[in-house]
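Tertiary structure, described
Listed below, chain by chain, are the residues.
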Amino acid sequence: PQINWEDYAAPKPAVEGLSDVAITVKEAAELINWRAFFTAWKMEASFASLAEVEGCDHCRAQWLAAQPKANINKAMEAMQLLKDARAAINRLIRDANQSIRARVALLPARGGEDIITICTDEGEMALPVLRCQKDSEVCASLADFINPEGNDYIGAFAVTVGSQIEGIIDNYRNRGDDYKAMLYQTISDRLAEAATELLHAQVRRSIWGYAPDENLSKQELLQGNYRGIRPAAGYPSLPDQWAIFTIAQSVGIETLGITVTENGAMSPASSVCGLMIAHPQAKYFVIGDIGDDQRKLYAQQRNISIEQLSKWLPR
């Protein structure tokens, strides 16, 4: 993407460095993406419209009657699942409302040469990133959206539902109640994503403060209709799960109660970490296929062999 850096003044964060943000289960529950919830249960995402129906038996009956006949049985299953999910949420509000933990680190950074350099009190950390090689798209890299001359910032964030909710899930697993374990796990995953959405909103509006007048509806938030992006490690714009180690170090992930395995998996499982980029032209994209030439360069940037890279980026 063509970015005129001479005309861009990087927003200086209102609060530089680490910020912990208190987000309750009750707050996160208001922003759950029910489409993703039903999809996790291999149900039609359109059943999410049921979540907008308030506690009125007549309204639910109307919703059910509006479903295609072929979908009635599945729709009835969706109604029961949502009822159970809301009961689970009410329990978590009662027993684990303070469990969610969120943190962002807003740090000086610079881009260029497909490497994001993050500056911390301990020194500079290099985060190599991949470039999209599709001919039909702008061949973007996340480093394109960070000023190569410096005088710019990046956010590193982590959010976790915490050990209290994880303990409830483990208790159901240990009792052999697979349905309840999966129910609480999928709710937990959605709460982590919703809390991340709330964290990002607070970063944009006050902690970083580059969009202080932002006033978006729930639907607009879920559709990402705001300035900036937050690519998570392992997702299409940042597919190498190894990035989690650099992000974890930047944000002090272990003091949030998150552990990371040698393969980059986080525990508790309902945890999210990634980057926040503020440039108005920043957008999500899919890296897709990685050519041999880029694999070789990327392995060099990471200072590992092609064989070692295949563990993180299999063909």
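What comes next concerns the included structure. (Residues numbered from 1 in each chain as written. Predicted model: local features only at pLDDT ≥ 70, side-chain atom pairs only at ≥ 80, totals over all residues. Heavy atoms only, no water.)

Attention now moves to the overall build of the chain. A count of helical and extended segments in the chain gives ten helices and eight strands. Relative to the compact-globule value of 20 Å for 315 residues, the chain shows a C-alpha radius of gyration of 21 Å, a close match. Each of the three principal axes of the chain carries a C-alpha extent, and together these read 60 × 45 × 40 Å. Out of the 315 residues belonging to the chain, those deemed buried represent 50%. A separation of at least 24 residues holds for 74% of the contacts in the chain among residues at least 6 apart in sequence. Accessible area for the chain stands at about 15,500 Å²; split by element, carbon and sulfur atoms hold 48% of it. Distance between charge centroids for the chain: 7 Å, based on 31 positive and 40 negative side chains. (Helix = DSSP H or I, 4+ residues; strand = E, 2+ residues; numbered from the N terminus. Rg over C-alpha atoms; globule rule 2.2 N^0.38 Å. Buried < 20%, exposed > 50% of the residue type's maximum accessible area, 1.4 Å probe, protein only. Contact = heavy atoms within 4.5 Å. Areas by Shrake-Rupley, 256 points an atom, 1.4 Å probe, with all protein chains shown as cover. Lys, Arg positive; Asp, Glu negative; His and termini not counted. Charge placed at Lys NZ, Arg CZ, Asp CG, Glu CD.)

In this section: the layout of surface pockets. The volume enclosed by the largest pocket comes to roughly 440 Å³. Lining the largest pocket are 20 residues, with E193, E197, R230, Y235 and Y284 positioned closest to its centre. It is helix 6 (residues 178-207) that contributes the most residues to the lining of the largest pocket, five residues altogether. Among the residues making up the lining of the largest pocket, the classes are represented as 13 nonpolar, three polar and four charged. (1 Å grid on protein atoms, 1.4 Å probe; cavity = no way out; pocket = protein on both sides within 12 Å on 5 of 7 lines; lining within 4 Å. Points joined across faces, edges and corners; volume = space filled by probe spheres on them. Nonpolar A, V, L, I, M, F, W, Y, C, P; charged D, E, K, R; others polar.)

For the rest of this paragraph, the subject is the packing of helix 5 (residues 163-174) against helix 6. The N-to-C vectors of helix 5 and helix 6 enclose an angle of 160°; their axes lie 8 Å apart at closest approach. Classified by the interaxial angle, the pair formed by helix 5 and helix 6 is roughly antiparallel. For helix 5 against helix 6, the interelement crossing comes out left-handed. Residues I165, I168, I169, Y172 and R173 of helix 5 lie in contact with helix 6, whose contacting residues are K180, A181, Y184, Q185 and S188. (Axes fitted to C-alpha atoms, helices over the stretch in contact; angles between N-to-C directions. Parallel < 35°, antiparallel > 145°, perpendicular 65-115°, else oblique. Left-handed = near helix turned anticlockwise from the far one by under 90°.)

You can see I118 is positioned in strand 3 (residues 115-120). Distance from I118 to D152, taken between C-alpha atoms, is 9.9 Å for residues 34 residues apart in sequence. Residues contacting I118, with those up to four places away along its chain left out, are L107, P108, G123, E124, M125, I154, T246 and S250.

Now for unusual backbone geometry. A cis amide bond links S267 with the next residue in sequence, P268, at an omega value of 0°. Topologically, P268 is positioned in the loop between strand 7 (266-267) and strand 8 (271-276). We note that N151 has phi near 55°; this positive angle belongs to a residue other than glycine. Examined against the element boundaries, N151 turns out to sit in the loop between strand 4 (123-128) and strand 5 (152-160).

Looking now at the packing of aromatic side chains. One pass over the structure, following the stated rule, counts nine aromatic pairs. Taking 6.3 Å as the distance between ring centres and 80° as the angle between the ring planes, the aromatic pair formed by F38 and F47 counts as edge-to-face. Like F47, F38 is buried. With 6.0 Å between their ring centres and 90° between their planes, F245 and W312 make a pair best called edge-to-face. Taken together, the positions of F245 in helix 8 (residues 243-251) and W312 in helix 10 (residues 306-312) put the pair 67 residues apart, joining distant regions of the chain. With a relative accessible area of 29%, F245 lands in the partly exposed category. The residue whose ring lies beneath R204 is Y226, and the NZ or CZ to ring-centre distance is 3.7 Å. (Phe/Tyr/Trp six-rings, centres within 6.5 Å; stacked < 30°, edge-to-face > 60°. Lys NZ or Arg CZ within 6 Å of the ring centre and 35° of its normal.)

Positionally, A105 belongs in strand 2 (residues 101-110). Considering only alpha carbons, one finds A105 and I207, 102 residues apart in sequence, at a separation of 9.9 Å.

Take E6: it is sitting in the segment before strand 1 (17-22). Along the sequence, E6 and C273 sit 267 residues apart, while their C-alpha atoms lie 31 Å from each other.

By size, the foremost hydrophobic cluster in this structure holds 60 residues, and its most contacted members are W34, F37, F38, L92, L191 and L199. Per-element tally for this core: the top contributor is helix 6, with eleven residues. Other than its neighbours up to four places away in sequence, L92 contacts V25, N97, I165, I168, Y184, I187 and L191. Core analysis: the next-biggest nonpolar cluster, separate from the first, contains 45 residues, I118, L130, A143 and I253 among them. (Core = buried A, V, L, I, M, F, W, Y, C linked by side-chain atoms within 4.5 Å.)

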